[in-house]
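# A look at the structure
So the chains spell out like this:
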Amino acid sequence: MMRSLPAFASFTAGLRYLLAVLALATLAGCSTTSDYDETAGWSAGRLYAAAKESQAEGNWDTAVKMLEKLEARYPYGRFAQQAQIELAYVYWKSGEPGSALAAADRFIKLHPNHPAVDYAYYLKGLINFNEDLGLVAHLSNQDLTERDPKAAREAFESFKELVERFPKSKYAADSIKRMNYLVNALASLEVHVARYYMKRGAYIAAANRAQVAVETYPQAPAIEEALYILYLAYDKLGMEDLRDDADRVLRKNFPESRFYSTGIERKTPWWQLW
């Protein structure tokens with residue numbers, strides 16, 4: 001029995017060592033599995049094809065990952081440039097407008113003479129256009145006097161730059177239509193704020209905002225109501241000369257203006273321009 005104790009101790013130590021090795025192997029296996037990337041070794045063409053397939057399926061998050069990997073692994077060449085411009089679109093579709101705008105700006109800066117740079121400007125306009133106006137329909141309970149028209153103005157500037165720099169672009173015609181809409185939307189926002197002030201008896205503020213609309217957007221349809229608000233505000237303030245001037249301009253440009261009979265009460269939100 002005394003002889004067997006060293007043998008038993010040696011066997012126990014060996015068993016412990018074997019268990020420790022197995023445990024380490026298991027942990028290593030788990031780590032390898034979790035870090036495994038099935039796209040390792042993929043060519044630029046294969047990554048791009050996978051990204052396009054994800055886009056076609058509406059799987060925007062996966063498309064973003066594929067395009068990011070493509071640009072990181074193959075930063076030069078045709079596929080990298082295509083990944084950069086498509087990232088802007090895919091970020092937008094995945095609900096990341098900030099990243100989308102940054103990607104579009106980066107593409108414009110890196111490739112100012114690229115054949116698709118007009119699309120980058122168009123995409124910038126679309127992102128801001130939908131950010132400021134396309135989502136407003138879901139915010140009908142919001143006090144629109146608190147809305148910041150910054151996105152609408154930035155959308156207008158992007159469309160304007162596209163039209164001025166690339167008048168023959170296939171995106172120019174649609175950009176012009178959106179610019180016309182934005183001009184009226186911005187004018188209508190100013191008039192909406194002026195109407196808000198009128199209803200609260202802030203006649204000087206109402207006149208100021210109406211005047212801004214008239215001076216900044218003279219061709220917008222909303223100017224008819226802006227002139228009428230000027231007429232009302234000056235009348236309330238007892239400024240007869242300015243009131244008569246506003247009345248004269250309104251009657252000359254809109255001789256059958258409905259506002260003389262309906263007033264400024266409105267049920268349709270200012271942003272429902274169509």
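In what follows, the accompanying structure is described.

Rules used throughout
- Residues numbered from 1 in each chain as written.
- Predicted model: local features only at pLDDT ≥ 70, side-chain atom pairs only at ≥ 80, totals over all residues.
- Heavy atoms only, no water.
- Axes fitted to C-alpha atoms, helices over the stretch in contact; angles between N-to-C directions.
- Helix = DSSP H or I, 4+ residues; strand = E, 2+ residues; numbered from the N terminus.
- Parallel < 35°, antiparallel > 145°, perpendicular 65-115°, else oblique.
- Left-handed = near helix turned anticlockwise from the far one by under 90°.
- Contact = heavy atoms within 4.5 Å.
- Nonpolar A, V, L, I, M, F, W, Y, C, P; charged D, E, K, R; others polar.
- Core = buried A, V, L, I, M, F, W, Y, C linked by side-chain atoms within 4.5 Å.
- Buried < 20%, exposed > 50% of the residue type's maximum accessible area, 1.4 Å probe, protein only.
- Phe/Tyr/Trp six-rings, centres within 6.5 Å; stacked < 30°, edge-to-face > 60°.
- Lys NZ or Arg CZ within 6 Å of the ring centre and 35° of its normal.

### Some points on the packing of helix H8 (residues 172-199) against helix H10 (residues 223-236)
- The N-to-C vectors of H8 and H10 enclose an angle of 25 degrees; their axes lie 10 Å apart at closest approach. Considering the angle they form, H8 stands roughly parallel to H10. The handedness of the crossing between H8 and H10 comes out as left-handed. Of the residues in H10, those in contact with Val 191, Ala 194, Arg 195 and Met 198 of H8 are Glu 225, Ala 226, Ile 229, Leu 232 and Ala 233.
- Taken together, the residues of the contact of H8 with H10 sort by class into seven nonpolar, no polar and two charged.

### Notes on the nonpolar core
- Residues Phe 159, Leu 182, Met 198, Ile 229 and Leu 230 are the most contacted members of the largest nonpolar core, which totals 46 residues.
- Elements with a minimum of two residues in this core: helix H5 (97-110), helix H6 (117-134), helix H7 (150-165), H8, helix H9 (203-216), H10 and helix H11 (240-253).
- Each residue touching Phe 159, except ones within four places of it in the same chain, is listed here: Tyr 122, Gly 125, Leu 126, Phe 129, Ser 175, Arg 178, Met 179 and Leu 182.
- By size, the runner-up hydrophobic cluster in this structure holds 23 residues, among which are Met 66, Leu 70, Leu 101 and Ala 104.

### So, the packing of aromatic side chains
- Enumeration over the complete set of coordinates arrives at 13 aromatic pairs.
- Residues Trp 60 and Tyr 89 carry aromatic rings whose centres are separated by 5.9 Å and whose planes lie at 80 degrees to one another, so their mutual orientation is edge-to-face. One end of the pair, Trp 60, is in helix H3 (residues 60-73); the other, Tyr 89, is in helix H4 (residues 78-93), and 29 residues separate them in sequence.
- On the basis of relative accessibility, which here comes to 18%, the residue Trp 60 falls in the buried class.
- One aromatic cluster is present, formed by Tyr 119, Tyr 122, Phe 159 and Tyr 171 through successive ring pairs.
- In this structure, Arg 178 is placed above the aromatic ring of Phe 129, and the distance from its NZ or CZ to the ring centre is 4.9 Å.
- Positioned above the aromatic ring of Tyr 260 is the side chain of Arg 251, whose terminal nitrogen or guanidinium carbon lies 4.0 Å from the ring centre.

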